[in-house]
Amino acid sequence: MGILLRLAASAAAVWVATMLVPGISVTAETLLGKIGTFVAIAVIFGLCNAFIRPIVKMVGCGLYVFTLGLIALVVNGALFMLTSFIAGLLDVPFHVDDFWPAAILGALVVGLTSWALNWFIED
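Because the structure is predicted, anything quoted here is derived from the model rather than measured.

**Looking at the nonpolar core**
Among the nonpolar cores identified, the biggest contains 28 residues, and Ile24, Ile41, Phe80, Phe94, Val96 and Val110 are the most heavily contacted of them. Contributing elements (two or more residues each) for this core: helix 1 (2–20), strand 1 (24–26), helix 2 (31–51), helix 5 (71–89), strand 2 (94–96) and helix 6 (99–118). At six residues, helix 2 tops the list of elements feeding residues into this core. Setting aside residues up to four positions removed in sequence, Ile24 forms contacts with Ala17, Thr18, Phe80, Phe94, His95, Val96, Ala102 and Gly106.

If you want it as structure tokens, here you go:
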């Protein structure tokens, strides 16, 4: 049950990002289509973070130390752009226009919103 709640929190975070950040769009026409798109993007972004982020952290360990962790914003933005690319390949109606400011701010909004929502979910 917890994983479904966390998935719903991530989907809600993607929805908040589409509302707040210009350049992030969902082009589904029906309400059910939009909800499905938010869930699909939450899954894709979660999988990108689960599989690619550890590799990037290990390879770019020096950059994380040198920039005091600020490179994580760039990595999150790149993973958000990758999510948009994968969504395009899978015909999911989600698009991020550009890296700055849409991808970086979108990833930041998704991260902060999902953190805040997951704070209320018990383990």
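**What about the packing of helix 1 against helix 6?**
Running from amino to carboxyl end, helix 1 crosses helix 6 at an angle of 140°, the nearest separation of the two axes being 8 Å. Considering their axes alone, helix 1 and helix 6 lie oblique with respect to each other. Every pair of crossing elements has a handedness; the one defined by helix 1 and helix 6 is right-handed. Across the interface between the two elements, Arg6, Ala9, Ser10, Ala12, Ala13, Val14, Val16, Ala17 and Leu20 of helix 1 pack against Gly106, Val109, Val110, Thr113, Ser114, Leu117 and Asn118 of helix 6. Along the lines of polarity and charge, the residues of the contact of helix 1 with helix 6 split into ten nonpolar, five polar and one charged.

**Side note on the UniProt feature "transmembrane region" (unreviewed entry) in the protein**
When the UniProt feature table is mapped to this numbering, "transmembrane region" (unreviewed entry) covers residues 37–56, 63–87 and 99–121. Within the segment residues 37–56, helix and strand shares are 95% and 0% respectively, and the terminal C-alpha atoms sit 27 Å apart.

**Remarks on helix 5**
Helix length check: helix 5, at 19 residues, gives a terminal C-alpha distance of 27 Å against a target of 27 Å (1.5 Å per residue), a fit within 8%. Turning to helix 5, its buried residues are Ile71, Val75, Asn76, Gly77, Leu79, Phe80, Thr83, Ser84 and Ala87. Asp91 sits one or two positions beyond helix 5 and adopts a positive phi of about 60°.

**Structural notes on unusual backbone geometry**
The peptide bond linking Trp100 to Pro101 adopts the cis configuration, its omega dihedral lying at 5°. Structurally, the position occupied by Pro101 is in helix 6. With a phi angle near 55°, Leu68 is a residue other than glycine that sits in the positive phi range. Mapping Leu68 onto the fold places it in the loop between helix 4 (61–66) and helix 5. Look at Asp91: it is not a glycine, yet its phi comes out positive at around 60°. In this structure, Asp91 sits in the loop between helix 5 and strand 2. Of the residues examined, Asp91 reaches a relative accessible area of 69% and is grouped as exposed.

Criteria and cut-off values
Residues numbered from 1 in each chain as written. Predicted model: local features only at pLDDT ≥ 70, side-chain atom pairs only at ≥ 80, totals over all residues. Heavy atoms only, no water. Core = buried A, V, L, I, M, F, W, Y, C linked by side-chain atoms within 4.5 Å. Buried < 20%, exposed > 50% of the residue type's maximum accessible area, 1.4 Å probe, protein only. Helix = DSSP H or I, 4+ residues; strand = E, 2+ residues; numbered from the N terminus. Contact = heavy atoms within 4.5 Å. Axes fitted to C-alpha atoms, helices over the stretch in contact; angles between N-to-C directions. Parallel < 35°, antiparallel > 145°, perpendicular 65-115°, else oblique. Left-handed = near helix turned anticlockwise from the far one by under 90°. Nonpolar A, V, L, I, M, F, W, Y, C, P; charged D, E, K, R; others polar. UniProt positions renumbered as here; feature names shortened; annotations may be inferred. Expected span 1.5 Å × (residues − 1).

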